[in-house]
Amino acid sequence: MKETWTDIPGLEGKYKISNMGRYKRLSRYIQGRRLPEEILPLNQSQVREVKERLGRKEHVYDIADSMGISRKTVSKIKLGRSYAWAK
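One structure accompanies this document, and this report is about it. (Residues numbered from 1 in each chain as written. Predicted model: local features only at pLDDT ≥ 70, side-chain atom pairs only at ≥ 80, totals over all residues. Heavy atoms only, no water.)

Sheet strands line up and pair through hydrogen bonds in the backbone, either parallel or antiparallel. Taken together, the four strands give an open sheet; going across it, the order is β1-β2-β3-β6, and neighbouring strands pair in antiparallel fashion. Looking at which strands have only one partner, the edges of the open sheet turn out to be β1 (5-7) and β6 (38-43). Pairs of neighbouring strands in the sheet enclose a mean axial angle of 35°, with direction left out of account. Pairing between strand β2 (residues 15-18) and strand β3 (residues 22-25): three bridges, direction antiparallel. What sits directly across from I17, in β3, is Y23. In the packing of helix α1 (residues 44-55) onto the sheet, contacts are made with β2, β3 and β6, and the angle to β6 comes to roughly 50°. (Pairing = 2+ DSSP bridges. Helix = DSSP H or I, 4+ residues; strand = E, 2+ residues; numbered from the N terminus. Axes fitted to C-alpha atoms, helices over the stretch in contact; angles between N-to-C directions. Contact = heavy atoms within 4.5 Å.)

Put into structure tokens, the structure is as follows:
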């Protein structure tokens, strides 16, 4: 199956989601710094799981260690600095 990318409503030109649930940040400039295009490390189901577990007050370290993702990524999700727009 070929992966196809579509704009995320409200974030056109910034982020896209694929038919496989992966997120892509599009290249752009923020405060004079260029952010390259990048496929983000977590897919839609992983982001949803992290957010659900944070809602149940699980500790960041426990979530990160059990899912095999970085503690920094989970902390950023908790603070709303990463994947805040993801449902």
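Anyway, onward from the coordinates.
Glancing now at the pattern of salt bridges. Overall, the coordinates contain eight salt bridges when judged by the stated rule. The partner of E58 in a salt bridge is R53, and the shortest N-O contact between them spans 2.9 Å. Here E58 makes a salt bridge to R56, at a shortest N to O gap of 3.0 Å. For E58, a relative accessible area of 25% translates into the label partly exposed. Classification of R56 by relative accessible area gives exposed; the value is 52%. Salt bridges linked by common partners bring E49, R53, R56 and E58 together as one network. (Salt bridge = Lys/Arg side-chain N within 4 Å of Asp/Glu carboxyl O. Buried < 20%, exposed > 50% of the residue type's maximum accessible area, 1.4 Å probe, protein only.)

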